[in-house]
Amino acid sequence: MIPTCKETSVLLSQGQDRRLKPSESLRLRLHLLICRRCRSFSQQLEFLRAAVRRYRDHG
Ligand SMILES: [Zn+2]
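Residues numbered from 1 in each chain as written. Predicted model: local features only at pLDDT ≥ 70, side-chain atom pairs only at ≥ 80, totals over all residues. Heavy atoms only, no water.

1. What to know about the overall build of the chain
Here is step 1: Helix and strand content of the chain: 3 helices and 0 strands.
Here is step 2: Across the chain, helices and strands are ordered from the amino to the carboxyl terminus as α-α-α.
Here is step 3: Based on the C-alpha atoms only, the size of the chain along its principal axes is roughly 40 × 25 × 15 Å.
Here is step 4: A total of 59 residues make up the chain; the buried ones form 24% of that total.
Here is step 5: Contacts in the chain between residues at least 24 apart in sequence constitute 62% of all its contacts with a sequence separation of at least 6.
Here is step 6: Total accessible area on the chain is roughly 4900 Å²; 57% of this is exposed by carbon and sulfur atoms. (Helix = DSSP H or I, 4+ residues; strand = E, 2+ residues; numbered from the N terminus. Buried < 20%, exposed > 50% of the residue type's maximum accessible area, 1.4 Å probe, protein only. Contact = heavy atoms within 4.5 Å. Areas by Shrake-Rupley, 256 points an atom, 1.4 Å probe, with all protein chains shown as cover.)

2. Observations regarding helix H2 (residues 22-34)
In an α-helix, one turn spans 3.6 residues, which is why side chains three or four residues apart end up on the same side.
Here is step 1: Under the 1.5 Å per step criterion, the end-to-end length of H2 is 19 Å for 13 residues, consistent within 8% with the ideal 18 Å.
Here is step 2: Taken residue by residue, H2 has Glu-24, Ser-25, Leu-28, His-31 and Leu-32 as its buried positions. Looking down the long axis of H2, one finds its buried residues gathered within 120° of arc, a one-sided arrangement. Turned more than 90 degrees off the buried face of H2, the exposed positions are Pro-22, Arg-29, Leu-33 and Ile-34.
Here is step 3: Lining the buried residues of H2 we find helix H1 (5-17) and helix H3 (36-58). (Expected span 1.5 Å × (residues − 1). Arc of directions from axis to C-beta.)

3. What to know about the pattern of salt bridges
Here is step 1: Counted by the stated rule, this structure contains 3 salt bridges.
Here is step 2: A salt bridge links Arg-18 to Glu-24, with the nearest nitrogen and oxygen atoms 3.3 Å apart.
Here is step 3: Exposure remark for Arg-18: the relative accessible area of 36% places this residue in the partly exposed category.
Here is step 4: The shortest N-O distance in the salt bridge between Arg-49 and Glu-46 comes to 2.8 Å. Here Arg-49 pairs with Glu-46, and both are found in helix H3, just 3 residues apart, close to one helical turn.
Here is step 5: Look at Arg-49 and you get partly exposed, because its relative accessible area is 29%. (Salt bridge = Lys/Arg side-chain N within 4 Å of Asp/Glu carboxyl O.)

Any functional reading would require information that these geometric values do not contain.
Dropping the structure here:
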């Protein structure tokens, strides 16, 4: 049920490009609850995404 770190990182990067299915984002969130490493990875991605968005908005 709970995906591995590898699957989680794949889901995280796919989530940048497309909307995840509800079942996928549920699995992702479950993994993030138990895995601190992936949590900090997802925060880094979130940070990068916000930075890109800011950059784009100022485009
Ligand atoms: Zn993990």
